[in-house]
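Breakdown of the fold
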Amino acid sequence: MTTKTSAYKHSLIPQNPGWLPRTFRFAAWLGWQIESNWADPFVFAIYSVIKPISSAAILVVMYSVITKGAFENPVFPYIYLGNAFYIYVGAIMAGISWAVIEDREHYRMLKYMYIAPLHYPTYLLGRGVARFLTGSISVFITIAFGVLFLNVPLNIYAADWGLFFVSLGLGVLMLGFMGLLLGSITMVIVNHVWFLGEAVAGALFLFSGAIFPLEVLPAWLRPVGYAMPLTYWLELMRRALIGDVARAFPTLAGFSNMELIGILLATTAVIGLAAFLTYRYCDYRARELGYIDRVTNY
Amino acid sequence: MQQAIFTKKLSRIYKLRGGKKTEPKELIALKDVDLEVKQGELFGLLGPNGAGKTTLIKILTTLLAPSSGEAWVAGHNLSTDPDRVRPLINMVSGGESSGYGLLTVRENLWMFAQFYGIPSQVANQRIKDLLEVVGLGDRLNTKSSDLSTGLRQKMNIVRGFLTDPEVLFLDEPTLGLDVGASRDVRRFIRSWVDQNEGKTLLLTTHYMVEADELCDRVAIINNGQVLACDTPARLKRDLQKDAIFRMEVSPLNGAGAGVFERLSGVRKVTHEAKDGSSTLEFILAEEDALGAVVNTMTQQDIHILNLQKREPTLEDVFVSLTGKSMAEVEKSGD
Ligand SMILES: Nc1ncnc2c1ncn2[C@@H]1O[C@H](COP(=O)(O)OP(=O)(O)OP(=O)(O)O)[C@@H](O)[C@H]1O
Ligand SMILES: [Mg+2]
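On a predicted model such as this, the values are computed, not experimentally measured, just so you know.

Some points on the domain arrangement of chain B
- Once the domains are mapped, chain B shows domain 1 (3–235) and domain 2 (241–311).
- When each unit is reduced to the centre of its C-alpha atoms, the spacing between domain 1 of chain B and domain 2 of chain B is 38 Å.

Okay, here's the thing in structure tokens:
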């Protein structure tokens, strides 16, 4: 065969140079066009401001009822910040897996993206960029609200910004990989897959120490939390902003910041590897099943 | 001679899941397809609904894995080297309205050009030129959600040509376009292949005329199998010595077309009932057989309303290969 068809080899662009940065850049561009399509500023306000603040408010009310208003207790900022940063999980992880569904079923462009000379996993990560940016707005607003009205003890001069940005960067990468993992699975499921991202984000909420220390969980469930990079990431984010208060908690108190970063790096690498392997398998399966251009009627 | 597309015993089986208790059924969408399309050819796949045309295109564009068999596109093996095939191909399916509705026509197209690594300036120029060709020149900055279905399809057709592929796949490119637009698109397809040496284009269609007038070579496909593959002229040549008559008659009233098929000299008859009359098409081995046909009609009290002799078309080729017209195949379902 190769001899008969060899003429094309000479006219070939040598294995598609520069495709990774190109894929990432234009996927991010597309994601931003979709996310920032705030034709209606009212809708934007609801999603980026009112929704996060009201979910934080629910938490605050519950906390205040249970603890009879003990806002001075270090548990409060622990919960408040955990909840605030968890917004990124829904935004990035769920957002990336949502991109698969959106492209496949809503815009019906997945097949054209798929046959284009782009690196699809990189495309999905790129689609997450805009989600990170809009998510950041929600996170910022939620934290600012807590500082201004609920006495969350955040002192911007005392915060460890170096640690903050390193942790944030790693965390975003980790969430991107988790999104890729979910997105890959989304490629081989065609029905009832709408809620997958949100459902996983919701389930992990309980195991990540976002709103209560892992010690609250039954002993047999705790390992789930210890195995997840999310747990270490949230701890790092809290420590970076309000160091001492966060360290008052037993769960990870024995670890230094550097140790936590090390664990986060290692678990992120594992998740990353798992995500790419899952992608390879799901890509192969999706082609076999004929799901790339499948549209579920909805 | 170079091959743009080469398939070896390509098959595709879909597993169908019916009700919960029924065991999974299988549907053979493609069966042992051997196809060779030469570089520089405008090649047509002609067949009725469900023949397997889209399935074949999906496999050749890396969207779908074959159940067995192998295929090469632009010199690369599809199953081992899809990433080398993709930069060299593009695909457009007609009759659907896909696109990022919130982007303008220009943005939609520009973005794709970027994914293919085409410099912005080159892309913008090509976008302008191609939009002119399909008559969308004035819609450059319209949001694609504001386009009608047909206009969106034109945008998609532009997306196919925009990346200047070595091998372009068009699945029913003119489906849903009006007569004028279809003609423009066909004309452009032809000129693209003629003016760009070495570019190959494979299109599917179930319009006879499209296959006949446009394509260098045509494969007739039915039930997942390629029944014949040649230039339209050569496909029809075997029928040239036959006589083909089209007859409009009074309703057959229960008597099927079968009686005519049994007459000697009659090779194939197709029958279509329309309100108040029936249309019969006869492929006769020789013209003399018409006498027997007319006699039988008289016996059965069928009146001839209209009689026409005509040149063979690809439809007749299909009929002589399958014994049915494409419309009959489509009506009988799977
Ligand atoms: N995803 C799928 N699952 C199960 N069966 C399928 C699937 N896609 C196609 N088929 C079946 O495979 C056969 C071939 O379909 P295909 O779409 O290739 O036909 P086609 O020639 O393109 O027809 P049309 O002219 O209607 O577009 C049909 O019987 C179809 O029902
Ligand atoms: Mg089709």
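Side note on the packing of helix 2 (residues 19–35) of chain A against helix 6 (residues 120–149) of chain A
Residue and element names in this part refer to chain A.
- Taken N-terminus to C-terminus, the directions of helix 2 and helix 6 make an angle of 40°; their axes are 7 Å apart at the nearest point. As summarised for this structure, helix 2 and helix 6 are arranged oblique, according to the angle between their axes. Taken as a pair, helix 2 and helix 6 cross one another with a handedness that is right-handed. Mapping the contact onto sequence places L20, T23, F24, A27, A28, L30, G31, W32, I34 and E35 in helix 2 and T122, Y123, L125, G126, R127, V129, A130, R131, L133 and T134 in helix 6.

A few points about the site of ligand 1
- Around ligand 1, the structure places 15 residues, and the nearest of them are B:G50, B:G52, B:K53, B:T54 and B:T55.
- More than a single chain frames ligand 1: its nearby residues are located in chains A and B.
- B:K53 has a polar side-chain atom sitting 2.8 Å from an oxygen atom of ligand 1.
- Contacts to ligand 1 include B:T54, whose side-chain N or O atom sits 2.6 Å from an oxygen atom.
- For ligand 1, the protein covers 72% of the area, taking 630 Å² as the surface of the free molecule.
- For the shell around ligand 1, the secondary-structure elements that each account for two or more residues are strand 1 (3–16), strand 2 (25–38) and helix 1 (53–60) of chain B.
- The leading source of residues in the shell around ligand 1 is helix 1 of chain B, at three residues.
- Here the residues of the shell around ligand 1 sort into six nonpolar, six polar and three charged.

Digging into the environment of A:L264
All names here are of chain A.
- Turning to its location among the elements, L264 is positioned in helix 11 (residues 257–289).
- By relative accessible area, L264 is classed as buried at 0%.
- Residues L264 and E102, spaced 162 residues apart in sequence, show a C-alpha to C-alpha distance of 30 Å.
- Not counting the four nearest positions on each side in its chain, L264 is found in contact with S167, L170, M174, P229, W233 and L236.

Things to note about the packing of aromatic side chains
All names here are of chain A.
- Per the counting criterion, the structure on display carries 26 aromatic pairs over all chains.
- Seen in terms of ring centroids, F76 and Y80 are 5.8 Å apart; in terms of plane orientation they differ by 45°. Their pairing is tilted. Of the two residues, F76 and Y80 both sit in helix 4 (residues 75–106), four residues apart, roughly one turn of that helix.
- For F76, a relative accessible area of 2% translates into the label buried.
- Here the aromatic rings of F145 and F149 are separated by 5.1 Å at their centres, their planes lie at 55°, and the arrangement is tilted.

Some points on the interface of chain A and chain B
- Taken together, the 41 residues of chain A in the interface contact 50 residues of chain B.
- Between the two partners, chain A and chain B, sit one salt bridge.
- Taking the shortest distance from any N to any O, the salt bridge between B:K58 and A:D293 comes out at 3.1 Å.
- Taken together, chain A and chain B are joined by 11 residue pairs in polar contact (both at pLDDT 80 or more).
- Sorting the residues of the side of chain A that touches chain B by element identifies helix 1 (7–10), helix 2, helix 5 (110–115), helix 6 and helix 11 of chain A as the ones contributing at least two each.
- Top element by residues in the side of chain A that touches chain B is helix 2 of chain A. It accounts for nine residues.
- Taken together, the residues of the side of chain A that touches chain B break down into 23 nonpolar, eight polar and 10 charged.

Comments concerning unusual backbone geometry
All names here are of chain B.
- Even without being a glycine, T62 presents a positive backbone phi close to 75°.
- Phi is positive for D164, which is not a glycine, with a value near 50°.
- Mapped onto the secondary structure, D164 falls in the loop between helix 5 (149–162) and strand 7 (167–171).
- Given a relative accessible area of 32%, D164 falls into the partly exposed group.

Thresholds applied
- Residues numbered from 1 in each chain as written.
- Chains lettered and ligands numbered in written order.
- Predicted model: local features only at pLDDT ≥ 70, side-chain atom pairs only at ≥ 80, totals over all residues.
- Heavy atoms only, no water.
- Domains from an automatic or database assignment.
- Axes fitted to C-alpha atoms, helices over the stretch in contact; angles between N-to-C directions.
- Helix = DSSP H or I, 4+ residues; strand = E, 2+ residues; numbered from the N terminus.
- Parallel < 35°, antiparallel > 145°, perpendicular 65-115°, else oblique.
- Left-handed = near helix turned anticlockwise from the far one by under 90°.
- Contact = heavy atoms within 4.5 Å.
- Near = heavy atom within 4 Å.
- Polar contact = N/O pair within 3.5 Å; in protein donor to acceptor, adjacent residues only side chain to side chain.
- Areas by Shrake-Rupley, 256 points an atom, 1.4 Å probe, with all protein chains shown as cover.
- Nonpolar A, V, L, I, M, F, W, Y, C, P; charged D, E, K, R; others polar.
- Buried < 20%, exposed > 50% of the residue type's maximum accessible area, 1.4 Å probe, protein only.
- Phe/Tyr/Trp six-rings, centres within 6.5 Å; stacked < 30°, edge-to-face > 60°.
- Salt bridge = Lys/Arg side-chain N within 4 Å of Asp/Glu carboxyl O.

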